[in-house]
Amino acid sequence: MRERLAAERPDVIYHLASKADVRAAFDNALGVFENNAGGTVVLFEAIRAAGIRPLINVCSSSEVYGEPGMVPIPE
């Protein structure tokens, strides 16, 4: 990742890489946390090492809202 970021020097990064399976998070909370948070740390460290300052969009899931009161969910 470090080599690619250093070579490409992106202005924008969409960080979509994570385990989004809620059931897996209940069954293996530590493993899912290590995967998701660890992957984000690896990305951020590679960005820092490349000496770039891109706009970073870290995506999530509607699951963070819990049971929605209405659909679509207003933000």
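Residues numbered from 1 in each chain as written. Predicted model: local features only at pLDDT ≥ 70, side-chain atom pairs only at ≥ 80, totals over all residues. Heavy atoms only, no water.

Draft legend 1. How the structure looks around the pairing of strand β1 (residues 12-15). Where burial is concerned, the two faces of β1 differ: the one with I13 and H15 is buried and the one with V12 and Y14 is not. As defined by bridge partners, β1 adjoins strand β2 (residues 55-58) across four bridges and the pair is classed as parallel. Residue pairing in the sheet places H15 in a bridge with V58 of β2. (Buried < 20%, exposed > 50% of the residue type's maximum accessible area, 1.4 Å probe, protein only. Helix = DSSP H or I, 4+ residues; strand = E, 2+ residues; numbered from the N terminus. Pairing = 2+ DSSP bridges.)

Draft legend 2. Structural detail: the nonpolar core. One finds L5, I13, L43, A46, I47, A50 and I52 forming the largest nonpolar core, which totals seven residues. Those residues in contact with A50 that lie beyond four places of it in its chain are L5, A6 and R9. (Core = buried A, V, L, I, M, F, W, Y, C linked by side-chain atoms within 4.5 Å. Contact = heavy atoms within 4.5 Å.)

Draft legend 3. The layout of surface pockets, seen in detail. Volume-wise, the largest pocket comes out at about 360 Å³. Surrounding the largest pocket, 18 residues form its lining, S18, K19, A20, S60 and S61 being those nearest its centre. Those elements that provide at least two residues to the lining of the largest pocket are α2 (22-27) and α3 (29-50). Residue contributions to the lining of the largest pocket peak at three residues, all from α3. Partitioning the lining of the largest pocket into residue classes produces nine nonpolar, six polar and three charged. (1 Å grid on protein atoms, 1.4 Å probe; cavity = no way out; pocket = protein on both sides within 12 Å on 5 of 7 lines; lining within 4 Å. Points joined across faces, edges and corners; volume = space filled by probe spheres on them. Nonpolar A, V, L, I, M, F, W, Y, C, P; charged D, E, K, R; others polar.)

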